[in-house]
Amino acid sequence: MKFPNLKFMSREKILASAAAVLVVIAAQMYMIREIRNAAADLQSAREGAMISKLAEASRKHAISQYNSSLLPESILMPSESETSGKFYSQLLSMLSNQGFKDAEVSKSGEDGRLVSFKIKGTTTFSGFMHLMASFRQGAYLMRVSELALEGMGNNMLRYTFTVSARIAHKGGGAAK
């Protein structure tokens, strides 16, 4: 490349050429910055779309889990338990099957044909929701009352609630 001979150029032409070069450099820098911003916006939009797809998949999975736990083709009317002891053992079995082996279960009352057990412990929120769904699908007619939940951080919670059930007939091995 041959450079122009600057001796034969006037001062105005040299300054105009230098100004033109500076304007071209500034325009290129502006365009590079705009391209970088557009690329960052595009990447952000891709990440947002990915997050939306993951959230939708998570919701679909939660709905399918809920629907599969309902088993609508096998819905029967829950029955009364024969004895309070049988209900207690069924309650312990249900808690154990759902991973609540460390839950504290104590008899809180028995009034005629109604027996109540207080349940305390800690678990994750999703674990607690699965437990409540299992109560809904249980073989015995139960009522959950006096529900108290306390968040402990890290998706953990402390729970306390009472489960009551009707007993078919009085007597027969009350649990403590």
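Description of the structure in this document. The structure displayed is predicted, hence computed values, not measured ones.

The rules we used
- Residues numbered from 1 in each chain as written.
- Predicted model: local features only at pLDDT ≥ 70, side-chain atom pairs only at ≥ 80, totals over all residues.
- Heavy atoms only, no water.
- Pairing = 2+ DSSP bridges.
- Helix = DSSP H or I, 4+ residues; strand = E, 2+ residues; numbered from the N terminus.
- Axes fitted to C-alpha atoms, helices over the stretch in contact; angles between N-to-C directions.
- Contact = heavy atoms within 4.5 Å.
- Patch = residues over 30% accessible without salt bridge, like charges linked within 9 Å, V, L, I, M, F, W, Y side chains within 5 Å.
- Areas by Shrake-Rupley, 256 points an atom, 1.4 Å probe, with all protein chains shown as cover.
- Salt bridge = Lys/Arg side-chain N within 4 Å of Asp/Glu carboxyl O.
- Buried < 20%, exposed > 50% of the residue type's maximum accessible area, 1.4 Å probe, protein only.
- Core = buried A, V, L, I, M, F, W, Y, C linked by side-chain atoms within 4.5 Å.

The two faces of a sheet get side chains in turn, since along a regular strand they alternate between them. One ladder, built from nine bridges, connects strand E3 (residues 142–153) with strand E4 (residues 156–166); its direction is antiparallel. Within the sheet, the bridge partner assigned to Met142 lies in E4 and is Ala165.

Before going further, it helps to examine the sheet that holds E4. Strands in a sheet are paired, the pairing made by backbone hydrogen bonds, and the direction either parallel or antiparallel. Pairing in this open sheet of four strands is antiparallel, and the strands run E1-E2-E4-E3 from one edge to the other. Only two strands of the sheet have a single partner each, and these edge strands are strand E1 (104–111) and E3. For this sheet, the mean inter-axis angle between neighbouring strands, taken without regard to orientation, is 15°. Relative to E4, strand E2 (residues 114–124) runs antiparallel, the two being bridged by eleven bridges. Paired with Val115 across the two strands is Ala165, which belongs to E4. The strands touched by helix H2 (residues 84–97) are E1, E2, E3 and E4; relative to E2, the strand with the most contacts, the crossing angle is about 15°.

Bringing a nonpolar patch on the surface into the picture now. A surface patch of nonpolar side chains, amounting to about 410 Å² of accessible area, comprises Val21, Leu22, Ile25 and Met29. Looking at where Met29 falls in the secondary structure, it is placed in helix H1 (residues 11–70). The class for Met29 is exposed, based on a relative accessible area of 56%.

With that out of the way, let us pick up the nonpolar core. Where a protein is soluble and globular, its nonpolar side chains tend to be buried together. Ranked by internal contacts, the top residues of the largest apolar core, which has 22 residues, are Leu91, Ile119, Phe135 and Phe161. Counting residues per element, the ones that place at least two in this core are H2, E2, helix H3 (125–136) and E4.

Despite not being glycine, Glu146 shows a phi value in the positive range, around 50°. We classify Glu146 as exposed; its relative accessible area is 56%. For Asn154, which is not a glycine, the phi torsion comes out positive at approximately 55°. Topologically, Asn154 is positioned in the loop between E3 and E4.

Fair warning: the whole summary comes from geometry, so function is off the table for now.
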